[in-house]
Amino acid sequence: MKDARDERRPAGELEAAVMAALWAAGAPLTPGRVQAELGSGLARTTVATILTRLHEKGVVDRERQGRGYAYFPVQDAPGLTARRMHTELDRDTDRETVLARFVAQLSPGDEQHLRRLLEGDD
Amino acid sequence: MTALLLLPLILPFLAPTLGRRTLDRLAPATALWVLTASALALAGACVAALGALVLTGLLKLPAFAALGELVHPLRTPSDYFVLPAAMAATGVLTLSVWTLVRSAFRQTRAFRTARTQADRRPAAGDLCVIESPDPDAYALPGRPHRIVVTTAMLRSLGSAEREALFAHERAHNRAGHHYFLAAAELAAHCHPALRATRATIRFAAERAADEAAAELTGDRRLIATAIARAALAGNASPSTRPDFAPAATTGPVPQRVAALLAPTRTRPRTTRRTAFLLVVCTVLSVAAGAAGVVDFHHEVEVAQGEEAP
C-alpha cells in the first residue's frame, strides 16, 4: 500500500509518525526498532535522521544503548497539560462543538453493533 | 404579508429529515457544503422574519410610530394576531441571542486554552501528544494546524491505524471543517429545528474526513478498524452516561464504520435528485422571508406617506 511513497511524505508528517511510535512504545527505542514499529517503507537512515532532528528540537531525549542511542519522548510535568486541557474542554457536556473529535461517545447499543460489524467483515 | 413571514419559521422543521436524506444521497464532502449553506440560509431567513415581526409590533405602539415618522397607522392583520406574534418573536430572538453569546464565549475560551497548551508543548511535525489515560484525539485548527492525541489513544492503536487517525484529523484541518461546525452552531441557535441539522452537519464532517483519509491511505478497511478500535478503547473507561439511554439506536460511530465497510455504490440520477429537496425548502424559505420583509418595508413607506398604498 505504501512503500516508496513514505519517503516522499512531508517532513512534518514523518516526524509525527516517529513521535507517535515512541509514545506508543512507552520505552526507549533504537532507530531500528522505530523502523520496525512503523512497518513502513522508510529507510533506517531516514528514521535515524528524523530522530536526530527531533532530539535537536528537544522533543525527544536519548540514552546510550550498545553502540548507538535509544530515543524516548520528553515528558511534561506529569500530566499538567492534559489536566488543564481536559478541565477546560470537559466543562461543556457538548464538547464536540468546538473541535472535531475522532470518535464520539458510544451509546450502549453501539458497542455490540461495532463488534458485530468488525466480526462480520473478517 | 405577515403570513409570508411565518413560512421561514415553519419550513426549518422540514430541514432535519431533508438534511439526513441529503447526506444519504450525496458524497459526504458535497453534502457538507449543501447542508451548511442551507442551515445558514434557513437561519438567516428565520431571523429576518422574526425581526420583521418584532418591528411590526413596535410600530403599533404610538411612541415608536412617532419615532418611525409614521403619519398613517401601519396596515396589518388584526392586532389580536400581530401583537402576541410580535411579543413571542421578541422573546425568541432574545433567547437566541443569549444562548448564542453564551455558547460563543464558552467555546472561544475552551479553544484558546487548547491552543495555548498545544503551543506550549514541543511539537513533532503537526502532532501534539498529551499524556492522559483517556483515549482522545481531535483536530486543532489555527496557525499552524495541529493534531492533538492522548498517549492512551496512541497506545490503543497499531502503527497503520495511527496513520489512519492522523490522515483523518489532517483532512479536517485541510478542508477547514471548523468553519462548517461553527456555522452549524450559529444556525442551531437561530431555530430549534436546526439543532438536529447541526448534528447532521457534524456527522457529514466526520464522514468527509473519513473518505478523505480512505482515499489517501487507499484502504477503507484500515480507516474503519481504526475508528472502531478508538471508539471501543474510549468506551472501556468508566462513563458518566446514564444507562437508561436508548440502546436500540445506532450512534454516529457504527454508521461511519458501516459506511466505510460497505461497497461503494453509484446512485441512479433520480434518487440523487431528491437530495436537493433541502435546497428547494431553503429557497422557498428565503424567498418567503424576502417577500415578507419587502412587503413590510412597503407598508412602512405607505404609513410614512412616502408611497401610495
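Refer to the structure printed above.
First things first, this report covers the structure right here in the doc. No experiment lies behind these values; they were computed from the predicted model shown.

**Points about the overall build of chain A**
Okay, so step 1: Within chain A, the regular secondary structure consists of six helices and three strands.
Okay, so step 2: Within chain A, counting contacts between residues at least 6 apart in sequence, those at least 24 apart form 45% of the total.
Okay, so step 3: In the structure as shown, chain A presents an accessible area of about 6300 Å², 48% of it carried by carbon and sulfur atoms.

**Digging into the pairing of strand β1 (residues 60-65) of chain A**
The side chains of a regular strand alternate between both faces of the sheet.
Okay, so step 1: As judged from the six bridges shared by β1(A) and strand β2 (residues 68-73) of chain A, these two strands associate in the antiparallel manner. When the bridges of β2(A) are listed, Gln65(A) appears paired with Gly68(A).

**Structural notes on the packing of aromatic side chains**
Okay, so step 1: One pass over the structure, following the stated rule, counts one aromatic pair over all chains.
Okay, so step 2: Here Trp33(B) and Phe180(B) contribute two aromatic rings whose centre-to-centre distance is 4.8 Å and whose plane-to-plane angle is 85°, an arrangement assigned as edge-to-face. Taken as a pair, Trp33(B) in helix α3 (residues 28-60) and Phe180(B) in helix α8 (residues 177-188) lie far apart in primary sequence, 147 residues in all.
Okay, so step 3: The exposed category is assigned to Trp33(B), whose relative accessible area is 58%.
Okay, so step 4: Geometry around Tyr69(A) places Arg62(A) over its ring, the cationic atom sitting 3.8 Å from the centre.
Okay, so step 5: Sitting above the plane of the Tyr69(A) ring, Arg64(A) keeps its charged end 4.6 Å from the centroid.

**Re the side chain of His168(B)**
Okay, so step 1: For His168(B), the location among the structural elements is in helix α7 (residues 159-175).
Okay, so step 2: Here His168(B) falls in the buried class, since its relative accessible area comes to 0%.
Okay, so step 3: Among the polar contacts listed, one links the side chain of His168(B) to the side chain of Glu206(B), at a separation of 3.0 Å.
Okay, so step 4: Discounting residues that sit within four places of it in the chain, His168(B) has contacts with Phe102(A), Glu206(B), Ala209(B), Asp210(B), Ala213(B) and Arg256(B).

**Let's talk about the sheet that holds strand β2 (residues 137-140) of chain B**
Okay, so step 1: Judged by pairing direction, the sheet is mixed, and its four strands sit side by side in the order β3(A)-β2(B)-β3(B)-β1(B) without closing on themselves. In the strand order of this sheet, the two ends are held by β3 (100-101) of chain A together with β1 (127-130) of chain B, each with one partner.

**A few points about α7(B)**
Residue pairs spaced three or four apart in an α-helix point in one direction, given the helix's 3.6 residues per turn.
Okay, so step 1: For α7(B), with 17 residues, the first-to-last C-alpha span of 24 Å sits near the 24 Å given by 1.5 Å per residue.
Okay, so step 2: Positive phi appears at Gly176(B), one or two residues downstream of α7(B), with a value of about 65°.

**Observations regarding the state of the cysteines**
All names here are of chain B.
Okay, so step 1: Enumeration according to the criterion identifies zero disulfides over all chains in this entry.
Okay, so step 2: Cys-46 forms no disulfide, and the closest cysteine sulfur to it belongs to Cys-190, at a distance of 6.7 Å.
Okay, so step 3: A residue is classified by how much of its surface remains accessible, and Cys-46, at 1% relative accessible area, is buried.

Analysis parameters
- Residues numbered from 1 in each chain as written.
- Chains lettered and ligands numbered in written order.
- Predicted model: local features only at pLDDT ≥ 70, side-chain atom pairs only at ≥ 80, totals over all residues.
- Heavy atoms only, no water.
- Helix = DSSP H or I, 4+ residues; strand = E, 2+ residues; numbered from the N terminus.
- Contact = heavy atoms within 4.5 Å.
- Areas by Shrake-Rupley, 256 points an atom, 1.4 Å probe, with all protein chains shown as cover.
- Pairing = 2+ DSSP bridges.
- Phe/Tyr/Trp six-rings, centres within 6.5 Å; stacked < 30°, edge-to-face > 60°.
- Buried < 20%, exposed > 50% of the residue type's maximum accessible area, 1.4 Å probe, protein only.
- Lys NZ or Arg CZ within 6 Å of the ring centre and 35° of its normal.
- Polar contact = N/O pair within 3.5 Å; in protein donor to acceptor, adjacent residues only side chain to side chain.
- Expected span 1.5 Å × (residues − 1).
- Disulfide = S-S within 2.5 Å.

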